[in-house]
Protein chains: 4
Amino acid sequence: MSHNTFGHLFRVTTFGESHGPAIGCVVDGCPPLLPLTEADIQVELDRRRPGQSRFTTQRQEPDQVRIVSGVFARESDAVQVTTGTSIGLMIDNVDQRSKDYSDIKDKYRPGHADFTYDVKYGIRDYRGGGRSSARETAMRVAAGAIARKVVPGMVVRGALVQMGPHKIDRNNWDWDEIGNNPFFCPDAKAAKLFESYLDGIRKSGSSIGAVLEIVAEGVPAGLGAPIYGKLDAEIAAALMSINAVKGVEIGDGFGAAELSGEENADEMRAGNDGRPLFLSNHAGGVLGGISTGQPIVARFAVKPTSSILATRATVTRTGGEAEMFTKGRHDPCVGIRAVPVGEAMVACVLADQYLRHRAQVGVVEPRWPFQP
Amino acid sequence: MSHNTFGHLFRVTTFGESHGPAIGCVVDGCPPLLPLTEADIQVELDRRRPGQSRFTTQRQEPDQVRIVSGVFARESDAVQVTTGTSIGLMIDNVDQRSKDYSDIKDKYRPGHADFTYDVKYGIRDYRGGGRSSARETAMRVAAGAIARKVVPGMVVRGALVQMGPHKIDRNNWDWDEIGNNPFFCPDAKAAKLFESYLDGIRKSGSSIGAVLEIVAEGVPAGLGAPIYGKLDAEIAAALMSINAVKGVEIGDGFGAAELSGEENADEMRAGNDGRPLFLSNHAGGVLGGISTGQPIVARFAVKPTSSILATRATVTRTGGEAEMFTKGRHDPCVGIRAVPVGEAMVACVLADQYLRHRAQVGVVEPRWPFQP
Amino acid sequence: MSHNTFGHLFRVTTFGESHGPAIGCVVDGCPPLLPLTEADIQVELDRRRPGQSRFTTQRQEPDQVRIVSGVFARESDAVQVTTGTSIGLMIDNVDQRSKDYSDIKDKYRPGHADFTYDVKYGIRDYRGGGRSSARETAMRVAAGAIARKVVPGMVVRGALVQMGPHKIDRNNWDWDEIGNNPFFCPDAKAAKLFESYLDGIRKSGSSIGAVLEIVAEGVPAGLGAPIYGKLDAEIAAALMSINAVKGVEIGDGFGAAELSGEENADEMRAGNDGRPLFLSNHAGGVLGGISTGQPIVARFAVKPTSSILATRATVTRTGGEAEMFTKGRHDPCVGIRAVPVGEAMVACVLADQYLRHRAQVGVVEPRWPFQP
Amino acid sequence: MSHNTFGHLFRVTTFGESHGPAIGCVVDGCPPLLPLTEADIQVELDRRRPGQSRFTTQRQEPDQVRIVSGVFARESDAVQVTTGTSIGLMIDNVDQRSKDYSDIKDKYRPGHADFTYDVKYGIRDYRGGGRSSARETAMRVAAGAIARKVVPGMVVRGALVQMGPHKIDRNNWDWDEIGNNPFFCPDAKAAKLFESYLDGIRKSGSSIGAVLEIVAEGVPAGLGAPIYGKLDAEIAAALMSINAVKGVEIGDGFGAAELSGEENADEMRAGNDGRPLFLSNHAGGVLGGISTGQPIVARFAVKPTSSILATRATVTRTGGEAEMFTKGRHDPCVGIRAVPVGEAMVACVLADQYLRHRAQVGVVEPRWPFQP
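In the nomenclature of an unreviewed UniProt entry, chain A is known as Chorismate synthase of Bosea vaviloviae. Database annotation for chain A, UniProt heading Sequence similarities (unreviewed entry): "Belongs to the chorismate synthase family." If you open the UniProt record of chain A and go to Catalytic activity (unreviewed entry), you find "5-O-(1-carboxyvinyl)-3-phosphoshikimate = chorismate + phosphate".

Asker: Please set out the UniProt feature "binding site: NADP(+)" (unreviewed entry) in chain A residue by residue, giving values where relevant.
Answerer: Residue and element names in this part refer to chain A. Cross-referencing UniProt, the feature "binding site: NADP(+)" (unreviewed entry) maps to Arg 48 and Arg 54 in the present numbering. Turning to its location among the elements, Arg 48 is positioned in helix H1 (residues 38-48). Look past the residues within four positions of Arg 48 in its chain and what remains in contact with it is Asp 63, Ala 134, Arg 135, Thr 137, Ala 138, Val 141, Arg 337, Pro 340 and Val 341. Only 3.4 Å separates the side chain of Arg 48 from the side chain of Asp 63, close enough to count as a polar contact.

Asker: Quick rundown of the packing of helix H5 (residues 231-240) of chain D against helix H7 (residues 338-361) of chain D? Include the residues and the values.
Answerer: Residue and element names in this part refer to chain D. Two elements in contact, H5 and H7, have axes separated by 9 Å at closest approach and are oriented at 145 degrees. For the pair H5 and H7, the crossing hand works out as right-handed. For the pair formed by H5 and H7, the contact residues are Leu 231, Glu 234, Ile 235, Ala 238 and Leu 239 on the first element and Gly 342, Met 345, Val 346, Val 349, Leu 350, Asp 352, Gln 353 and Arg 356 on the second. Taken together, the residues that form the contact of H5 with H7 break down as eight nonpolar, two polar and three charged.

Asker: Outline the relation of the copies chain B and chain A, supporting the account with residue identities and numerical values.
Answerer: Relative to chain A, chain B is turned by 180 degrees and slid 0.0 Å along the rotation axis, the superposed coordinates differing by an RMSD of 0.0 Å. This pairing of chains is accounted for by a two-fold axis. When the interface residues of chain B are mapped onto chain A, 100% of them are again interface residues, pointing to one common binding face.

Asker: So, the interface of chain B and chain A: which residues are in play, and what are the values?
Answerer: Every contact between the two is made by 117 residues of chain B and, on the other side, 117 residues of chain A. Together, Lys120(B), Tyr228(B) and Lys246(B) form the three largest contributors to the area buried by chain B at its contact with chain A, with a combined 10%. Taken together, the links from chain B to chain A amount to six salt bridges. With a shortest N-O distance of 3.4 Å, Glu321(A) and Arg269(B) are connected by a salt bridge. In this assembly, chain B and chain A are joined by 62 residue pairs in polar contact (both at pLDDT 80 or more). A per-element tally of the side of chain B that touches chain A places helix H2 (residues 114-121) of chain B first, with seven residues.

Asker: So what's going on with the sheet that holds strand S16 (residues 296-302) of chain C? Which residues, and what values?
Answerer: Spatial ordering of the open sheet is given by S9(C)-S8(C)-S10(C)-S16(C)-S11(C)-S11(D)-S16(D)-S10(D)-S8(D)-S9(D), a layout of ten strands whose pairing is antiparallel. Both edges of this open sheet fall to strand S9 (166-167) of chain C together with strand S9 (166-167) of chain D, since each of them pairs with a single strand only. One ladder, built from seven bridges, connects strand S10 (residues 210-217) of chain D with strand S16 (residues 296-302) of chain D; its direction is antiparallel. By the bridge assignment, Val215(D) is partnered in S16(D) with Val297(D).

Asker: Residues and numbers for the side chain of Asp199(B), please.
Answerer: Residues and elements named next belong to chain B. For Asp 199, the position within the fold is in helix H4 (residues 188-203). Among the residues examined, Asp 199 registers a relative accessible area of 12% and is labelled buried. When neighbours within four sequence positions are excluded, Asp 199 is seen to be in contact with Arg 54 and Phe 55.

Asker: Residues and numbers for the nonpolar core, please.
Answerer: The nonpolar side chains of a soluble globular protein tend to be buried, and buried together. Ranked by internal contacts, the top residues of the largest apolar core, which has 390 residues, are Phe10(A), Phe10(B), Phe10(C) and Phe10(D). Other than its neighbours up to four places away in sequence, Phe10(A) contacts Val27(A), Asp28(A), Cys30(A), Ala143(A), Ile146(A), Ala147(A), Val150(A), Cys348(A), Ala351(A), Asp352(A) and Leu355(A).

Cut-offs used in this document
- Residues numbered from 1 in each chain as written.
- Chains lettered and ligands numbered in written order.
- Predicted model: local features only at pLDDT ≥ 70, side-chain atom pairs only at ≥ 80, totals over all residues.
- Heavy atoms only, no water.
- UniProt positions renumbered as here; feature names shortened; annotations may be inferred.
- Helix = DSSP H or I, 4+ residues; strand = E, 2+ residues; numbered from the N terminus.
- Contact = heavy atoms within 4.5 Å.
- Polar contact = N/O pair within 3.5 Å; in protein donor to acceptor, adjacent residues only side chain to side chain.
- Axes fitted to C-alpha atoms, helices over the stretch in contact; angles between N-to-C directions.
- Left-handed = near helix turned anticlockwise from the far one by under 90°.
- Nonpolar A, V, L, I, M, F, W, Y, C, P; charged D, E, K, R; others polar.
- Least-squares fit on C-alpha atoms with pLDDT ≥ 70 in both.
- Buried area = accessible area lost by both parts, 1.4 Å probe.
- Salt bridge = Lys/Arg side-chain N within 4 Å of Asp/Glu carboxyl O.
- Pairing = 2+ DSSP bridges.
- Buried < 20%, exposed > 50% of the residue type's maximum accessible area, 1.4 Å probe, protein only.
- Core = buried A, V, L, I, M, F, W, Y, C linked by side-chain atoms within 4.5 Å.

Quick look at the structure:
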């Protein structure tokens, strides 16, 4: 991860500002011969798209993706496939509403990247947050749609598990509920609560944080790299790199601090599918930075949107003091739309680690049990 | 971060197994002309060194570091300095006690990297954990001692803030207390509690987790890189890459999920030192992946040591089932010694980001306030 | 340099196929506040553009570049500048003439990448050479136009110095002649010869190789990185990565093999501009992988275009044998258009090394002479 | 390639100065389960070792390598193998003869890195050339010995093909002659000539350049990466990074500039081993940056040693002018010992590309001929 690129072998580079003509990305290192159409990517983008309920920004972006390169169909082929060359993706910005930026261009929103971009670069594109806008995450979701195809059998899903102080009841977890509410919430009862709670937040012009959980199933044992290129370290970076994220956990996460060694040890029995049977998953599917074959479980905390209607104290570009409040469209709980983004980031990390494992070890197979 | 290297410009590559002849590392990209002696590094290593209290492993390792390359003193120089070439560091392993590994070489400790290393590589050095041993972190601390010199005026300190269920009282925080107890605990009263609590854990042959906090002060505003090379993303990866870490937070971390936008916004007033005065630091010193000039605050959770005296169910290398308990020396709370390791990792990330900032922007200076 | 990216800090990633909808690139790590308009890039693209004389392919591509991101003008700014975020560039493909590919899709052109792309990836986009087409080099030229702005005072120019067996007379070298002939030839007399010589080649449906020379002036001393990130090593990779290049030289190059130590040593006297005065430049401006402050001089050899009218023996995709000759538009001496490409590559390497130097050493200044 | 590291997946990082206590390297990303002992590496080091004839420096270095990490033998194993973790290698410097550096520490040898290291870093270790000494190449040879094991069936050999103006007769090429003379010369007759020629050079205190050729056989088709990570681009960088190298060629190299398209095209017929049969190898085994399955052929030019007995004009550190001649041990033709170094660099590039290919494509197999 450096600059605007993440990944080592499955490598994603994004570009584009919130209110520029377009956003785009390049996916490099993708294996050849994977079927890939724009529809494969669009289905994921549509899950993240704004303006689908009253709980996300009312900006209307169709987010129609175009594949510019890296795919081909020979005349005999029924479907186009990846060619192994770099895949260029583009989404035109449509609803970059022309507006008056006089209230924002010389003042910094507290809790926002306005100040830090300006102080780092000496200039910032203040239109809609420019490069720091969550609009960039559309390209992560697009790249993630390709990443999902790289690891055979892998399924990556995400859910919102906490909104403000309200947590879901994990006994009610039902993946099928995710699509039944505008929150990606797996607990139907909690979803009801979130709805009324967030309506209150929204009407007051405030915002609230959230916690999300990503689960990757079908991940082979052995993915990860020694010491610094660890699977969990890269998942942590990937999730922390999403706008507004302030915390990341793997498995029991901070809860592990309160466990004894006996409680934390995921005991093992001999499974009958060529894998050990783990009796628990406190580790979240990662030991020593390498996947165990259990589901990868990661959680991340998203802070509340900093663009709010309340007046806050701030400073101006030229050193004065000012009061600020932000009009315009925004997400009362920006964490909601981070669910597909989190999924995409985890999928990208796993695709990358899958390729790295295949490079060093040659095969991705259960070695266990070893021959006596 | 990839394989056994971390950092982009300030780049650390480590090697060595727990019970091999030596461990070592290469620090590459360090600026020239920084004074650097073995004593500068030794002082940090001594803080991490095992066997200093009954609460850490009784393995006796002097951890004497040797600088093999990358420093030089011209005849006229009073002190040797870095030359800009790669710095090689070596620590001989002294107390790699010869023992019988028959109980461990064909069985996997639950909650340990034994299984994942074996299934990934088809072989593992089972002597003392081999490469997955926390012994590797000595080289991180050594590299961190160099990193501390790269950012002028930066001070990075760490503390243990929670052991098992017991948290310190933040009102009692006194950095001077850190050296007065074997836990790096800044709360004298909590340290007393930890002592009796951990004695109980230790005597029972069990282990317990912990939470640590790292604070970096004197960090200039503007460090960080766009989108994927974010300062907080890299801190997250760096801390998560430490053995046994399961969670990372920046600023309010998971607490931010429960905040409203009004509460979370760190309001700003005009400071009189060429920096804005922030009225709070929920952000932990990072906005949009770039440092604000406030202290960087990161926390991480360390799980309990997996090597315990209790018997746990496991599997054998050849597919059988077995029971396991681990004799020998280990840390009842491995989180304690992770304090200097966490400091080192944060220092390395900041050194790296400092160089990256200097590359792209040319100067590291407060730009704010801008000329009208 | 890996996959479709080159550069470490000034990092260029390209995408796009010859006959796809567009080609593009992302320039990442560019310093902020550099003035940059589309016209700045277009002027370089126009130098490389095909169809400008009868000696280059007759494909008509306007090569109109669009800057999609990474630049901004505040309301008060007279000119837009780079913002430090990733710069996206796009060129639509206009003249990807629809044609019948039946003669090429299942047969491999000898001396072309047809076979190797197919055998590597299991598929290739055979339309116009796909990704292996020299069309990709338009994006290199575009990136190079930005790179030229990164190193203050640097001027990078190139010339064709040999066509087939015919070399220019270096005594006639006049940079002003470069624009007076369609060959980028600095020797007016040789240009006349090249014209009649290449007309013969062209009319016979054959092709011929060439040697090009790139000279970078105004490069500060001290650029380069130790041992593997050497300035000359990176120039070698950059030039060798251009389509059809088979050899690279720095300074005297292969001629240095015939020199004695006395002849090769570039003697030095005290200059009066804060730099040593070198009495010769056999080294081509690089010693120990680091720039000396003299002009950087690099040469590279371009093989003849493999698409020719003569019939050659080849194999088919399914293992048969066949004869092949290539109809259609192509360059009789592809080396000609490689001049602006070579300039761009050298400019990119120098921009990258300039940023890397600034990162590690902090300042780019003549240190010499040192204080006694 | 950056700083002191080369390679992307098979990654070599070196450290150490000529007259420091030791030199070393870390080989990271090596596949597990490859048999590896110190003897495997020593045999290659012994080929490069100085002091073996009167034609190389008389410095006596046993160059005994120690493997510090990354290998292991289970009790049941007959031979130790790589474990997939980072491999640390160390060679102690033995004969760093204590001497008076007063004539060199404040004066720059013309044609040497003395000046550029000083002007870049503000300091240089002037003892024996410090980091810029060819002594560093011992670690390249050591890493190359490991790289040779990564690509099954690959054989990499090198030869000296030109010394000063004298070229070998390629009709006399006999690999078995390489070991029969102190020049790695494959032409017995030319070796005789070289002997008397170099004796003259040596006795006069002068030095001379050379051209070397590296041939890699048994390289599967398909190795290489698109556009910038090309196989030939990386070979060019690898060879140009060797001390004193000024030019690199692949296949016909600069000779290709004089060929017509008909001459240059390597025609193909159907082979009977699952590969096409190429009728010539002008391409040197690389087309479009990807290996063809033919032998990889690369040449490189080495300039004469800059340390000579003749007096040359130079400048001092503090800005004065001076005359210089270099006493002490050195190589009259430093190109000779570059043969095993060039082999090692090519082997490392191929190992890296082999792993990268395996990552992206999954299998390393002849795909051709494809199913109809």
